[in-house]
Amino acid sequence: MANEIEKQVAELAEKVKKLENRQAKDQISIIAYSGDLDKMLAAMIIATGARAMDTEVKIFFTFWATAMLRDKNKSAKGKDLMSKMFGFMLPRGTSQLKLSKLNICGMGTAMLKGLMKKKRVASLEEMLATAGELGVEINVCEMSMDLMGFKKEEMIDYPNLKYVGVGSYLADADESRIQLFI
Amino acid sequence: MTTDELKALKSDKTVDARGTACPGPLLAAKKAIGDVQAGQIMEILSSDEGTKNDIPKWCKKMEYNYLGSIDEDGIYRLFLKK
């Protein structure tokens, strides 16, 4: 009888340990996908806010959003024609992003930026810098970079920037309590 | 705490986040709280109405003791004990 109980306790302890390992961490995983100014602002506000709440933040930049991480003062050599074309057509960094709505040939975007300044809402550039200071981790989708012909040497200097694949995102998301696709 | 009790409080640290928009006050509070010792009182000044709801939630998450707020002509004074 006592043996039986001991065995059951040991089994339970094992199960609890496994469950504890599976528990989500105080962490948020964000997929930055759209690359629209308004949506990227939302992503960065959430990311920096989360750090203020001591929550770990990992942002996976993929597809259109990767263009936001280009440095307009840097360039890369040795691109083929298609890469050059993509590079030319896509935004070179945060300052060239457009609104997803009411862009009106850039007029709406300019108006919003003016309003943000007036109302003292931090710009995307400032938020990205704050995110770096606060330890927001940025993971960039290697495949998107390759597809759009972006090279590492044209990307911004950011303290926690890594080039990864979908596996890293999934592993991060798996242990995050919050997940967002923006 | 009542408004009078809050008004009588002596803050050990005051964070002036007036004029900044979300998430400015939260980031300012987070930055300042490092200088505050356990048991000390911190006051946050904000002109952003959302802060009034955000700071109590922030306190709950960070396990600080939220004491209350005073509304003075569109400026919110929020108090917490670390």
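Here the structure is shown first, and the text comes after it.
Summarised in this report is the structure supplied together with it. The structure displayed is predicted, hence computed values, not measured ones.

About the criteria used
Note on numbering: residues in each chain are counted from 1, in written sequence order. Lettering of chains starts at A and numbering of ligands starts at 1, both following the order in which they are written. A pLDDT threshold of at least 70 governs which residues receive local features in this predicted model, and a stricter bar of 80 or more applies before side-chain atom pairs are shown or counted, although totals over entire chains, interfaces and linings include all residues. What makes two strands pair is DSSP finding at least two bridges between them. Segments assigned H or I by DSSP are reported as helices when at least four residues long, segments assigned E as strands when at least two residues long, and all are numbered from the N terminus. For this analysis, nonpolar core means a set of buried Ala, Val, Leu, Ile, Met, Phe, Trp, Tyr and Cys residues linked through C-beta atoms within 7 Å. With C-beta atoms placed from the backbone, a residue is labelled by how many other C-beta atoms lie within 10 Å of its own: buried for 20 or more, exposed for 12 or fewer, partly exposed between the two. For the purpose of contact definition, each residue receives a C-beta atom placed from its backbone, and two residues are in contact when these atoms lie within 7 Å. Think of it as three bins: nonpolar holds Ala, Val, Leu, Ile, Met, Phe, Trp, Tyr, Cys and Pro, charged holds Asp, Glu, Lys and Arg, and polar takes everything else, Gly as well.

Moving on, we come to the pairing of strand 3 (residues 65–72) of chain B. All names here are of chain B. Relative to strand 4 (residues 75–81), strand 3 runs antiparallel, the two sharing seven bridges. The partner of Ser69 across the bridge, within strand 4, is Leu78. Turn length for the strand 3-strand 4 hairpin, with the two strands adjacent in sequence and antiparallel, is two residues, and the turn residue Asp73 shows positive phi of about 50 degrees.

Here we take up the nonpolar core. Counting residues in each nonpolar core, the largest one holds 34 residues, and the members touching the most others are Ala32, Met40, Met44, Ala47, Ile59 and Phe61 of chain A. Every element with two or more residues in this core is listed here: strand 1 (25–32), helix 2 (37–52), strand 2 (56–61), helix 5 (124–134) and strand 3 (137–141) of chain A. Counting residues per element, this core draws most heavily on helix 2 of chain A, which supplies seven residues. Excluding its chain neighbours within four sequence positions, the residues that come into contact with Phe61 of chain A are Ala32, Thr66, Leu69, Ile138, Asn139, Val140 and Cys141 of chain A. By size, the runner-up hydrophobic cluster in this structure holds 17 residues, among which are Leu26, Ala29, Ile33 and Trp58 of chain B.

Once that is clear, we can look at the interface of chain B and chain A. The partner chain A presents eleven residues to the twelve residues of chain B that form the contact. Every element with two or more residues in the side of chain B that touches chain A is listed here: helix 2 (24–33) and helix 3 (49–62) of chain B. Per-element tally for the side of chain B that touches chain A: the top contributor is helix 2 of chain B, with four residues. Its residues placed into classes, the side of chain B that touches chain A shows seven nonpolar, three polar and two charged.

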